Amino acid sequence: MSIVALIDEQAAGLQRRLGRFDFRSRWFGAGRSLICFAELTVVLLTPAKALLIPVLTITEGARCDGVRSASAFCVGGDSGAEYARWLLVAVLLVAASGYRPRWTVLPQLWAVYSIAVSISVPDGGESVGLIISLLMLPICLADNRKWHWSSPDRPLRLNGHAIAFAAFWAIRIQLSYLYLDTAISKFGVADWANGTAEYYFLRDNMFGISDPLGGLFLELSKIRVVVVGMTWGALVVELIIAVCLLGSDRWRKVALVFDVLLHGMIIVTMGLWSFALVMIGCAVIAATPASVASRAEEPSVPNEEESGFARTPTELGVA
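In this text the structure is predicted, and so the values were computed from the model without any measurement.

**Details of the overall build of the protein**
For step 1, the next point in the chain: Of the regular secondary structure elements, the protein holds 15 helices and two strands.
For step 2, the next point in the chain: Each of the 319 residues in the protein was classed as buried or not, and the buried ones make up 45%.
For step 3, the next point in the chain: Of the roughly 16200 Å² of accessible surface on the protein, 67% is carried by carbon and sulfur atoms.

**With respect to the side chain of threonine 104**
For step 1, the next point in the chain: Counting through the fold element by element, threonine 104 comes out in helix α6 (residues 101-118).
For step 2, the next point in the chain: Only 2.9 Å separates the side chain of threonine 104 from the side chain of arginine 32, close enough to count as a polar contact.
For step 3, the next point in the chain: Beyond its immediate stretch of four places on either side in the chain, threonine 104 contacts Arg32, Val94, Ala95 and Tyr99.

**Digging into a nonpolar patch on the surface**
For step 1, the next point in the chain: Together, Leu213, Leu216, Leu220, Ile223, Val225 and Val268 give the surface a local cluster of nonpolar side chains, amounting to about 490 Å² of exposed area.
For step 2, the next point in the chain: Topologically, valine 268 is positioned in helix α13 (residues 249-270).

**A short note on the layout of surface pockets**
For step 1, the next point in the chain: Reported here for the largest pocket is a volume of approximately 700 Å³.
For step 2, the next point in the chain: Every element with two or more residues in the lining of the largest pocket is listed here: α8 (158-186), α10 (197-201), α12 (224-244), α13 and α14 (273-286).
For step 3, the next point in the chain: Tallying contributions element by element places α13 first for the lining of the largest pocket, with seven residues.
For step 4, the next point in the chain: The class makeup of the residues in the lining of the largest pocket is 17 nonpolar, five polar and four charged.
For step 5, the next point in the chain: Around the second largest pocket sit 18 residues that line it, and Val121, Pro122, Asp123, Phe207 and Leu272 are the ones nearest its centre.
For step 6, the next point in the chain: Residue classes in the lining of the second largest pocket are distributed as 12 nonpolar, four polar and two charged.

**Side note on the pattern of salt bridges**
For step 1, the next point in the chain: Throughout the structure, instances matching the rule amount to seven salt bridges.
For step 2, the next point in the chain: Arginine 68 is the partner of aspartate 65 in a salt bridge, and the nearest nitrogen-oxygen pair spans 3.1 Å.
For step 3, the next point in the chain: By relative accessible area, arginine 68 is classed as partly exposed at 26%.

**What about unusual backbone geometry?**
For step 1, the next point in the chain: Unlike most non-glycine residues, arginine 100 shows phi in positive territory, near 45°.
For step 2, the next point in the chain: According to the relative accessible area criterion, arginine 100 is partly exposed, its value standing at 29%.

**What to know about the environment of aspartate 259**
For step 1, the next point in the chain: Note that aspartate 259 resides in helix α13.
For step 2, the next point in the chain: Take aspartate 259: its relative accessible area is 0%, and that puts it in the buried class.
For step 3, the next point in the chain: C-alpha separation for the pair aspartate 259 and glycine 281, spaced 22 residues apart in sequence, amounts to 9.8 Å.
For step 4, the next point in the chain: Not counting residues within four places of it along the chain, the set of residues in contact with aspartate 259 comprises Tyr179, Ile241, Met279, Ile280 and Ala283.
For step 5, the next point in the chain: Separated by 2.3 Å, the side chains of aspartate 259 and tyrosine 179 make a polar contact.

Reading the values: the criteria
- Residues numbered from 1 in each chain as written.
- Predicted model: local features only at pLDDT ≥ 70, side-chain atom pairs only at ≥ 80, totals over all residues.
- Heavy atoms only, no water.
- Helix = DSSP H or I, 4+ residues; strand = E, 2+ residues; numbered from the N terminus.
- Buried < 20%, exposed > 50% of the residue type's maximum accessible area, 1.4 Å probe, protein only.
- Areas by Shrake-Rupley, 256 points an atom, 1.4 Å probe, with all protein chains shown as cover.
- Polar contact = N/O pair within 3.5 Å; in protein donor to acceptor, adjacent residues only side chain to side chain.
- Contact = heavy atoms within 4.5 Å.
- Patch = residues over 30% accessible without salt bridge, like charges linked within 9 Å, V, L, I, M, F, W, Y side chains within 5 Å.
- Salt bridge = Lys/Arg side-chain N within 4 Å of Asp/Glu carboxyl O.
- 1 Å grid on protein atoms, 1.4 Å probe; cavity = no way out; pocket = protein on both sides within 12 Å on 5 of 7 lines; lining within 4 Å.
- Points joined across faces, edges and corners; volume = space filled by probe spheres on them.
- Nonpolar A, V, L, I, M, F, W, Y, C, P; charged D, E, K, R; others polar.

The quantities given are spatial measurements derived from coordinates; they are silent on function.
This is the structure:
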């Protein structure tokens, strides 16, 4: 077989696989809603003055230099910060509801961006939420459903499948790298390497354990084998998540289970609710099964109102 024929055969096989890939399931909807809900808790439960409080070299009010000027907190100036907060609450509430993902994804991205670049003390979840929301943009733009909870009633165009497929892999690779880098970097810190990091985290004045489980965890952490298991166990779990996210549907579900366990413990021990919910939401999206469309649902050529993508049979690869 010639190289040209081999390339044509592989391209045809890829085209068939892409045509049968369909992300439009409740998995994707649940993950997106969870990320939006996590960001919603930040602006809903915290007044603007607390979000934009002076910290070290950061002055009071939103940082509006350079590209940060696009933030909602910069539109109305310092006097409009509280109005901006409620605007973000409304945007994230609509996005979390799952209504018209194609039309709400850009406002969602703007809201998450505003939180990530403006608040004084982000916890890391805001940055991750911003990156994943950006990678979700092409996926949602290809989503023609009224609600992201509903089953699709129209087929996607072939290039819609391809764009979503590429974006999903970008999310999986990004999330896998994040967990891999997090785990490996901790081995260079003495307290993580010797297995005592959790002992000190549980006693931290800001993020330490609190009631009702504070007493139990503090006593358990005095047992060396327990604290070493908790510390090194977190590293092992992060490595497992990183590897499994790049596997098949089944292995990505394994990654999701470990992700929920890991961040569930972070909620219990450190109380970082928004961070943990963002990470779990990202894992849900990454674990979305590569559902296979039936022959009746395979890509066709819908009218222009159904999609803004390719409009000719040649562009679809079916002519």
